[in-house]
Amino acid sequence: MRLRHIKNAEIIVKEYPLVIQKKVNIVNNTYLELGMGKGQFIIKSSIKYPNIDFIGVEKNASIILKAINNINIEKEKNIPLNIRIINCDIKNLTDYINEKSINIIYLNFSDPWPKKKHINRRLTSPFFLNLYKKILKNDGCIEMKSDNILLFEYSINTLIENNWEIINKSNDLHKDTFLIENNIMTEYEEKFYKKGIKINYLKAIPKSV
C-alpha cells in the first residue's frame, strides 16, 4: 500500500535535528542503510551496536517522518541511538558523505525495478556500485538482502562484472546458521519470514585495482 503524503513533510524533516543538511565529517565507524523505510532495521542496529554510528538514507520525507516517530519512541525509553538521517536521492549521496568514510552499506529489500528501461535505477547497477566504491573505506563492504531472486541474480552478475568480490552468499538466509546469528530483521523481512518466503543475502567487497 502506497504511503499517503504528509502535509509539510519536507519542511518538518528539514528542521529535525538528526537530519543531515550538508556534507558531514565522519570520524567514527559508520554504517549506512540505503532506503531506511520506517527505520526498524537502523533503530535495532543502533541499539545492538551502541558504539557504531548509523546513517539512514530515504528520499520520501513522509516515510522519514514515520521513522522519526519510531526513533522518538525509543528515545522516550531513554535508549541512546546513534542515528542520523539523510533525505536525498541516493544518486546524490556524495553531496553529503565524504569519500572513504563508510564501513558498511546496507541494501535491504531495495526496489527491484523489473522493467528493462529502469535497469539503471537498481541499487546494484554499475552507476551505484561505482558510487559505493567512492564512499566505502578501503576495507568496507556492502550487504544486500532481497526477496526478489531476479534482482539478486542480476546483482551477483553486476558485482562480478564491476570488480567486486562476493565473500558470503545465501539463497535462504534464515536457514543459514552462520549468517543468521547476527541478522537484524527489517519490517519487510519479518513479513516475508512469516509467509515462508526465502530471503537472499550477499556480502561483497570491492577488489583492489
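What comes next is a walk through the structure. (Residues numbered from 1 in each chain as written. Predicted model: local features only at pLDDT ≥ 70, side-chain atom pairs only at ≥ 80, totals over all residues. Heavy atoms only, no water.)

**Points about the pairing of strand β7 (residues 200–206)**
Each regular strand displays side chains that alternate between the two surfaces of the sheet.
Phase 1 of the analysis: One ladder, built from five bridges, connects strand β5 (residues 136–146) with β7; its direction is antiparallel. The partner of E143 across the bridge, within β7, is K203.
Phase 2 of the analysis: In the sheet, strand β6 (residues 164–170) pairs with β7 via six bridges, with the strands oriented antiparallel. Looking at β7, one finds that N168 is bridged to K203. (Pairing = 2+ DSSP bridges. Helix = DSSP H or I, 4+ residues; strand = E, 2+ residues; numbered from the N terminus.)

**Here's the deal with unusual backbone geometry**
Phase 1 of the analysis: A positive phi angle, near 55 degrees, is found at K100, a position not held by glycine.
Phase 2 of the analysis: We classify K100 as partly exposed; its relative accessible area is 45%.
Phase 3 of the analysis: The phi dihedral of N163 falls on the positive side, at around 70 degrees, and the residue is not glycine.
Phase 4 of the analysis: Note that N163 resides in the loop between α5 (149–161) and β6.
Phase 5 of the analysis: The exposure class assigned to N163 is partly exposed, which follows from its relative accessible area of 29%. (Buried < 20%, exposed > 50% of the residue type's maximum accessible area, 1.4 Å probe, protein only.)

**Some points on the nonpolar core**
Phase 1 of the analysis: The biggest cluster of nonpolar side chains holds 33 residues, and the ones touching the most others in it are L32, L34, L93, I105, Y132 and I142.
Phase 2 of the analysis: When contributions to this core are tallied by element, the ones reaching two or more residues are β1 (30–34), β2 (53–57), β4 (102–108), α4 (126–135), β5, α5 and β7.
Phase 3 of the analysis: In contact with L34, other than residues within four places in its own chain, are V57, I90, L93, I105, Y106, L107, L123 and Y132.
Phase 4 of the analysis: Counting residues in each nonpolar core, the second largest holds 25 residues, with F41, I43, F54 and I68 among its members. (Core = buried A, V, L, I, M, F, W, Y, C linked by side-chain atoms within 4.5 Å. Contact = heavy atoms within 4.5 Å.)

**Regarding the pattern of salt bridges**
Phase 1 of the analysis: A complete count under the given rule lists four salt bridges for this structure.
Phase 2 of the analysis: K59 is paired through a salt bridge with D89; the nearest N and O atoms lie 3.4 Å apart. Residue K59 is found in the loop between β2 and α3 (61–75), and its partner D89 is found in the loop between β3 (83–86) and β4; the two are separated by 30 residues along the sequence.
Phase 3 of the analysis: Residue classification places D89 among the partly exposed positions, given a relative accessible area of 22%.
Phase 4 of the analysis: Here K145 makes a salt bridge to E189, at a shortest N to O gap of 2.6 Å. Here K145 is found in strand β5, whereas its partner E189 is found in helix α7 (residues 187–194), with 44 residues between them in sequence. (Salt bridge = Lys/Arg side-chain N within 4 Å of Asp/Glu carboxyl O.)

**Focus on the sheet that holds β7**
Phase 1 of the analysis: Here seven strands make up an open sheet; going across it, the order is β3-β2-β1-β4-β5-β7-β6 and the pairing mixed. Single-partner strands in this sheet number two, and they are β3 and β6. Averaged over all pairs of adjacent strands, the angle between their axes in this sheet comes to 20 degrees, without regard to strand direction.
Phase 2 of the analysis: Of the pairings in the sheet, the one linking β1 to β4 comprises four bridges and is parallel in character. Within β4, the position partnered with L34 by the bridge is L107.
Phase 3 of the analysis: Sheet strands touched by helix α2 (residues 40–48): β1, β2, β3, β4 and β5. Its angle to β2, the strand with the most contacts, is close to 175 degrees.
Phase 4 of the analysis: Those strands touched by α5 are β5, β6 and β7, and its axis lies near 150 degrees from that of β6. (Axes fitted to C-alpha atoms, helices over the stretch in contact; angles between N-to-C directions.)

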